[in-house]
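Fold and contact review
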Amino acid sequence: MVETRSSKAAKAAGQDDKKDAKEASDKNKDTAEPVAMEIVKTDAELKVESDAAVLSEIKQNISLLDRAVATLEGRFTTRALRATASIRKRLSPDNLSQALNVYFPEGTTRKASLLEHVGKTSHAMQVDATETQTESNDGKKFLPEHEIYLSYLVLLYLHDQKQNDKGMRLASELVETIQALNRRTLDQLAGRIYFYYARFYELSDRLTEARPLLLAAQRTATLRHDDDTQATLLNLLLRSYLHFNLYEQADKLVSKAVFPEAASNNQIARHMYYLGRIKAMQLDYTASHRHLLQAIRKGPTSPASAGFQQAVNKLAIIVQLLMGEIPDRAIFRQPTLRKSLLPYLQITQAVRIGDLAKFQDTLGQHAAIFRADKTYTLILRLRHNVIKTGVRMISLSYSRISLRDICLKLQLDSEEDAEYIVAKSIRDGVIDASIDHEKGYMKSKENVDLYSTTEPQNAFNQRITFCLNLHNESVKALRFPLEAHRKELANATALREEERKLAKEIVDGEMGDDEDMGGEDW
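What you see is a predicted model, and the numbers here were worked out from it, not measured in a lab. (Residues numbered from 1 in each chain as written. Predicted model: local features only at pLDDT ≥ 70, side-chain atom pairs only at ≥ 80, totals over all residues. Heavy atoms only, no water.)

**A few points about the packing of helix H9 (residues 187–203) against helix H10 (residues 207–223)**
- It is at 8 Å that the axes of H9 and H10 come closest, and there the two elements cross at 160°. When the axis of H9 is compared with that of H10, the two are roughly antiparallel. For the pair H9 and H10, the crossing hand works out as left-handed. Between H9 and H10, the contacting residues are Tyr194, Tyr197, Ala198, Tyr201 and Glu202 on the first element and Leu207, Glu209, Ala210, Leu213, Leu214 and Ala217 on the second. (Axes fitted to C-alpha atoms, helices over the stretch in contact; angles between N-to-C directions. Helix = DSSP H or I, 4+ residues; strand = E, 2+ residues; numbered from the N terminus. Parallel < 35°, antiparallel > 145°, perpendicular 65-115°, else oblique. Left-handed = near helix turned anticlockwise from the far one by under 90°. Contact = heavy atoms within 4.5 Å.)

**Points about the sheet that holds strand E1 (residues 400–402)**
- A sheet is described by the order of its strands in space; here three strands give the open sequence E1-E3-E2, paired in antiparallel fashion. At either margin of the open sheet sits one strand with a lone partner, and together these are E1 and strand E2 (433–436). Taking the axes of each pair of neighbouring strands and ignoring which way they run, one obtains an average angle of 20° across the sheet.
- Strand direction decides the pairing type here: E2 and strand E3 (residues 441–444), joined by four bridges, are antiparallel. Looking at the pairing, Asp436 lines up with Tyr441 of E3.
- Contacts between helix H21 (residues 403–410) and the sheet are confined to E1 and E3, with E1 contributing the most and set at about 75° to the helix. (Pairing = 2+ DSSP bridges.)

**Quick word on the pairing of E3**
- With three bridges joining them, E1 and E3 adopt antiparallel strand pairing. Along E3, the bridge assignment pairs Arg400 with Lys443.
- The antiparallel pairing of E2 with E3 creates a hairpin that spans four residues between the two strands, and Gly440 there sits at a positive phi of about 75°.

**Thoughts on the pattern of salt bridges**
- Taken as a whole, this structure holds 13 salt bridges when the rule is applied.
- Of the charged contacts, one joins Lys252 and Glu248 as a salt bridge, the two residues approaching to 3.8 Å between their closest N and O atoms. Of this pair, Lys252 and Glu248 are both found in helix H12 (residues 247–256), four residues apart, which corresponds to roughly one turn of the helix.
- What makes Glu248 exposed here is its relative accessible area of 55%.
- When salt bridges with common partners are traced through the structure, they connect Arg199, Glu202 and Arg239 into a single cluster. (Salt bridge = Lys/Arg side-chain N within 4 Å of Asp/Glu carboxyl O. Buried < 20%, exposed > 50% of the residue type's maximum accessible area, 1.4 Å probe, protein only.)

**Considering the packing of aromatic side chains**
- Enumeration over the complete set of coordinates arrives at six aromatic pairs.
- Ring geometry for Tyr273 versus Tyr274: centroids 5.6 Å apart, planes at 45°, classification tilted. The two residues Tyr273 and Tyr274 agree in class, both being buried.
- Three or more aromatic residues link up through ring pairs in this structure, and these residues are Tyr152, Phe195 and Tyr196. (Phe/Tyr/Trp six-rings, centres within 6.5 Å; stacked < 30°, edge-to-face > 60°.)

**So, helix H5 (residues 109–117)**
- Turning to H5, its buried residues number three or more, namely Arg110, Lys111, Ser113, Leu114, Leu115 and His117.
- Of the residues trailing H5, Gly119 is marked for its positive phi of about 80°.

**What about H10?**
- When the terminal C-alpha atoms of H10 are compared, their 25 Å separation across 17 residues agrees well with the 24 Å that a helix rising 1.5 Å per residue should span.
- Those residues of H10 lying buried are Leu207, Ala210, Arg211, Leu214, Ala217, Gln218 and Ala221.
- Looking at the packing, one finds that the buried side of H10 touches helix H8 (164–181), H9 and helix H11 (227–243).
- A positive phi of about 55° marks His225, the residue just after H10. (Expected span 1.5 Å × (residues − 1).)

Listed below in structure tokens is the structure:
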């Protein structure tokens, strides 16, 4: 295409404009001011900001405790304790001593003791404690809840720093203070204090020494209808008994004490786990599996609670195998459970295929892990299940097989053992077969249609029961406004007064009409 003279001129003008723009941008780059560098804060400045943030969050939690005391609502205390989890990671002697100097009155013995526990003194902080107290508390009264909460923060710091001796002494002092106060607004804080009291004794290998105090506190909490403390103490006592394998004492405690229904989900999950362990040792695998499933469903799913989830799932897998069921493979693929459940996956595979040799090898290879998890005794019971699974698979594969071949496949010692195991499997309903003792073989019967049995009905009933229980628990967990019935009573009383006044006016009006009619001359 032939270009015209005007188009060539336009192209030349465009190129000149681009060239001028490039030269102008280069000139601006040379003459422009240098870009301001980002200000990098020092470690000291970052620490000051972190301490200020911690003090601000502590102030918010204390205000929540004030609201809990004023309104008698436990949910404010729950919010304060939940927010403490984020504060716990940033606790240090400096911000703890600042908080103690800010909120504690001057000259108190508990303040000096807490400062000593964190390695500070009353004169170590270069702040005016009196002015800061007035500024932070806004003239509010120093409550026992403030004292226990700040002491609880110090207790968390000592636990994380593994200062067990100091923590044990402080926890003992706090337990005595809580028992003397007897305030319902301290129930949730009291449960936390009792937990760390038992925890410090357990870390010091002196858990048996703490048991008498826990038993006495549990009786007191039951008399006071303190649900939070009662649930915590029951779980601590069960943990103490199970730690020393005292399953009979733990079962007696469960049968005599009633676990409160108003307890938190975390305490319910922990209680269900302990019940599952007790029932498993008592050979009640159905009840044990039911308790463990509730513990898994009610337990927290955060990464911080991965240890609890691992412990519950390990026990649930073994109990499910003892029931003759195979766990779902998806359990072993969860990120938080995959590594810890690897030995249990190998045990499950050995039970599923009925390989006794693989079962014995896995048991010998991971015996130390199973003993640490306290599942070794239960896993030893699985040997019979492995053999029964092998017998079931043989029964499904062969319509007739000699006892000698069964002995070789299951790696048993003699044909008599094979005959005894097959006879017991037939009696337990594991297989549907018969034994010819004279000819020495097992003959399997034809497979029966599963839907002609009551198995589908039982499975359907189990699901319906679970749904009904879930509905009942949801109804119990509903929250209602505090003292709402009093407002309804006041409204009903006001309506009755209005009706009474209206009835009186009607009666007075009718009497007035009668007087008017009687006085008029007809």
